[in-house]
Amino acid sequence: MKPKKVIFSAMQPSGTPQLGNYLGAIKNWVGLQEDYSCRFCVADLHSVTVRQDPESLRQNSLSLFALFLAAGLDHERGIVYFQSHVPAHTQLTWALSCLTYMGELNRMTQFKDKSQKHSDNINAGLYTYPVLMAADILLFRADLVPVGEDQTQHVELCRDVAERFNNLYGDILTVPEPFVSGAAARVMGLSEPSRKMSKSENGSENNVVFLTDPPEIIAAKFKRAVTDSDNQVRFDPENKPGVSNLINIYRAVTGKTVPETEKEFENSGYGAFKTAVAESVIAELSPLQDRYSRLMADAPFLEAAVKRGAERAAEEAAPLLKKVMDAVGFAPR
Ligand code: TRP
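Residues numbered from 1 in each chain as written. Predicted model: local features only at pLDDT ≥ 70, side-chain atom pairs only at ≥ 80, totals over all residues. Heavy atoms only, no water.

## Looking at helix H9 (residues 215-223)
Within H9, burial applies to Ile218, Lys221 and Phe222. Viewed along the axis of H9, the buried residues span an arc of 95 degrees, placing them on a single side of the element. Those residues of H9 that are exposed and aimed more than 90 degrees away from the buried face are Glu216 and Lys223. As for H9, its buried residues are in contact with helix H1 (19-32), helix H10 (241-254) and helix H12 (270-296). (Buried < 20%, exposed > 50% of the residue type's maximum accessible area, 1.4 Å probe, protein only. Helix = DSSP H or I, 4+ residues; strand = E, 2+ residues; numbered from the N terminus. Arc of directions from axis to C-beta. Contact = heavy atoms within 4.5 Å.)

See the structure below:
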């Protein structure tokens, strides 16, 4: 039997997890576990590239970890852990930093965007963020990296750096491929459907469905979702961004196709359609929310899972880090 290919991915614990994180990534990861060896991490080191309140960071990180497990990421078969618990991430980052050119980092669109948004805090970590991400991936010899469109440039950089390393030092690093899945949905805001779902600029919470929202809040948010005036459930992201986003959400949750969805609602107005979308989301999230609350109430279980994740990740990462250190020429200890 051929060994399974390795999948690595990670998510930052910045803010309260929401529907976009789930349908765009986590739900998709859950489905990959049958066919791949999976390693998933809470990328807390990446989060501090923008200023975080320590207590919120701690809370958000633990919540995200619990949510990973509640959603069905299997920490027995695979590894689920915190990035900050495995020092090999930062150690490998240093070795790779010395092989990454400033010219390459200058081209990263996320860096350019974030330095505009946080112009008072353009720190070195924000700049070298893609190198840390490359280290995450390479440490676990990942073959495939499921990411959204906004991260593919970082995976490309990771490939370039890995190839450069291998050319210099021998065939040590596995050069990964980005894995952009058709099943994952890019969820847009409910009140601002032209932009990715996130806290809205004007602070309105109606733009975002949080994974911990109770059913009546979810229903109310979908009811208020922005649509258009022609009352036709038709997929047309250009001209009908709001309705298309709802179709996308419905499709991702139910597994139906776009044409099936259009057909199903061809004789309904937006009211009935929105109710159906909300109900599908509530049905999908309810069991997850139950498991999440039970996990959050079970501190001993969570603590043990966190500890074991850290140990297993550290153990798996150690040999690759050692090979890299030896190859670069550091004296053996
Ligand atoms: N930068 C990614 C994001 O913000 C998260 C991330 C960190 C990641 N390390 C990674 C994703 C490694 C894939 C592989 O979405």
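After presenting the structure, the write-up continues.
## Concerning the domain arrangement of the protein
Here the protein is described as being made up of domain 1 (6-185 + 299-328) and domain 2 (199-293). Here the C-alpha centre of domain 2 lies 29 Å away from the C-alpha centre of domain 1. With 16 residues of domain 1 at the interface, the matching set in domain 2 holds 17 residues. Across the interface of domain 1 and domain 2, roughly 1400 Å² is buried in total on both sides, 70% from carbon and sulfur atoms. On the domain 1 side of the contact with domain 2, Leu19, Tyr22 and Ala70 bury the most area, a combined 36% of that side's loss. On inspection of domain 1 and its partner domain 2, the count reaches 1 salt bridge. Between lysine 27 and glutamate 284 there is a salt bridge, with the nearest N and O atoms lying 3.1 Å from each other. Counting the contacts that link domain 1 with domain 2 gives 6 residue pairs in polar contact (both at pLDDT 80 or more). (Domains from an automatic or database assignment. Buried area = accessible area lost by both parts, 1.4 Å probe. Salt bridge = Lys/Arg side-chain N within 4 Å of Asp/Glu carboxyl O. Polar contact = N/O pair within 3.5 Å; in protein donor to acceptor, adjacent residues only side chain to side chain.)

## Some points on the layout of surface pockets
There is about 210 Å³ of room inside the second largest pocket. Lining the second largest pocket are Gln91, Leu321, Lys322, Met325, Asp326, Phe330, Ala331, Pro332 and Arg333. Looking at the lining of the second largest pocket element by element, the count peaks at 4 residues for helix H13 (residues 299-328). A breakdown of the residues in the lining of the second largest pocket according to their chemical character gives 5 nonpolar, 1 polar and 3 charged. (1 Å grid on protein atoms, 1.4 Å probe; cavity = no way out; pocket = protein on both sides within 12 Å on 5 of 7 lines; lining within 4 Å. Points joined across faces, edges and corners; volume = space filled by probe spheres on them. Nonpolar A, V, L, I, M, F, W, Y, C, P; charged D, E, K, R; others polar.)

## Focus: the packing of aromatic side chains
Counting across every chain of the model gives 11 aromatic pairs. With a centroid separation of 4.7 Å and an interplanar angle of 10 degrees, the aromatic rings of tryptophan 29 and phenylalanine 40 are classed as stacked. Pair noted here: tryptophan 29 is in helix H1 and phenylalanine 40 is in strand E2 (residues 37-42), with a separation of 11 residues, a long-range link. The same class applies to tryptophan 29 and to phenylalanine 40, which are both buried. When the centroid spacing of 5.6 Å and the interplanar angle of 70 degrees are considered together, the rings of tryptophan 29 and phenylalanine 68 count as edge-to-face. Pair noted here: tryptophan 29 is in helix H1 and phenylalanine 68 is in helix H3 (residues 54-71), with a separation of 39 residues, a long-range link. Judged by relative accessible area, tryptophan 29 falls into the buried class, the value being 2%. Its relative accessible area of 0% is what places phenylalanine 68 among the buried residues. Taken together, the ring pairs in this structure connect Phe8, Tyr81 and Phe140 into an aromatic cluster. (Phe/Tyr/Trp six-rings, centres within 6.5 Å; stacked < 30°, edge-to-face > 60°.)

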